[in-house]
Amino acid sequence: MERLYQDQEVNVRLRGLDGSAGVRIHLEHQSGAALIVPSCAREIVEGAAVFRLTGFDGVQFTVTVDPGGDHLWLRTSGPSLLLGGQRERKVPRGPDPEPQNRGIRVTGDESTMPIPVDD
């Protein structure tokens, strides 16, 4: 499942928040600056999911999803381009993206799917 949090300038997508494995975080500012973290460990602090990561410019980020999931807090160790020069931002939850149908990739190499060859 994927969640979307967005305001006028910032778009944050979280994938895997409902599972027990790492969470993929995609943070993007309208300027085009982005931070993509393929897998991030979660901490649970007072019922909220908390993620700690480091930006491309060395800025430390703390991403906190409130217990109800309605808002996401972004806090940084210093001003960041990803937050429009701010150090803290509260981002409301947007509509969740529709799940994409991901078909099975078939290459013809599988023993169960041989490619017929005329002799």
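Check the entry above for the structure.
Residues numbered from 1 in each chain as written. Predicted model: local features only at pLDDT ≥ 70, side-chain atom pairs only at ≥ 80, totals over all residues. Heavy atoms only, no water.

1. Considerations on the pairing of strand S6 (residues 48-54)
Consideration 1: Most of S6 sits inside the fold, with five of its seven residues counted as buried.
Consideration 2: Alignment of strand S5 (residues 43-45) against S6, held across three bridges, turns out to be antiparallel. By the bridge assignment for S6, Val 45 is matched with Ala 48.
Consideration 3: A loop of two residues connects S5 with S6, the two strands running antiparallel in sequence, and Glu 46 in this loop sits at a positive phi of about 50 degrees.
Consideration 4: The antiparallel pairing of S6 with strand S7 (residues 60-65) creates a hairpin that spans five residues between the two strands, and Gly 58 there sits at a positive phi of about 85 degrees. (Buried < 20%, exposed > 50% of the residue type's maximum accessible area, 1.4 Å probe, protein only. Helix = DSSP H or I, 4+ residues; strand = E, 2+ residues; numbered from the N terminus. Pairing = 2+ DSSP bridges.)

2. Looking at the sheet that holds strand S1 (residues 2-6)
Consideration 1: Strand order in the open sheet made by the four strands is S1-S2-S3-S4, with antiparallel pairing throughout. Where the open sheet ends on each side, the last strands, each with one partner, are S1 and strand S4 (34-40). Ignoring strand direction, the axes of neighbouring strands in this sheet form an average angle of 10 degrees.
Consideration 2: Both strand S3 (residues 23-29) and S4 contribute to a ladder of five bridges, which runs antiparallel. By the bridge assignment, His 26 is partnered in S4 with Ile 36. (Axes fitted to C-alpha atoms, helices over the stretch in contact; angles between N-to-C directions.)

3. Thoughts on unusual backbone geometry
Consideration 1: Positive phi is not limited to glycine here, since Glu 46 has a value of about 50 degrees.
Consideration 2: By secondary structure assignment, the location of Glu 46 is in the loop between S5 and S6.

4. Some details on the sheet that holds strand S8 (residues 71-76)
Paired through backbone hydrogen bonds, the strands of a sheet run either parallel or antiparallel to each other.
Consideration 1: Taken in spatial order, the five strands make up an open sheet running S5-S6-S7-S8-S9, and their pairing is antiparallel. Among the strands making up the open sheet, the edge pair consists of S5 and strand S9 (88-92). On average, each strand axis in the sheet is inclined to that of its neighbour by 25 degrees, with strand direction left out of account.
Consideration 2: Judged from the five bridges that link them, S8 and S9 form a sheet pairing that is antiparallel. Paired with Leu 72 across the bridge in S9 is Val 91.

5. Side note on the side chain of Arg 3
Consideration 1: By secondary structure assignment, the location of Arg 3 is in strand S1.
Consideration 2: A polar atom in the side chain of Arg 3 sits 3.2 Å from the side chain of Tyr 5.
Consideration 3: The residues contacting Arg 3, other than those within four sequence positions of it, are Val 12, Arg 13, Leu 14, Leu 17, Val 65, Gly 69, Arg 93, Asp 96 and Pro 97. (Polar contact = N/O pair within 3.5 Å; in protein donor to acceptor, adjacent residues only side chain to side chain. Contact = heavy atoms within 4.5 Å.)

6. Here we look at the pattern of salt bridges
Consideration 1: Counted according to the given criterion, the structure contains six salt bridges.
Consideration 2: The partner of Glu 43 in a salt bridge is Arg 52, and the shortest N-O contact between them spans 2.8 Å.
Consideration 3: Judged by its relative accessible area of 35%, Glu 43 falls in the partly exposed class.
Consideration 4: Looking at Arg 52, the relative accessible area reads 48%, which means it is partly exposed.
Consideration 5: Ionic pairing is found between Arg 75 and Glu 88, a salt bridge with its closest N-O pair at 3.4 Å. Taken together, the residues span a long stretch of sequence, with Arg 75 in strand S8 and Glu 88 in strand S9 at a distance of 13 residues.
Consideration 6: For Arg 75, a relative accessible area of 32% gives the class partly exposed. (Salt bridge = Lys/Arg side-chain N within 4 Å of Asp/Glu carboxyl O.)

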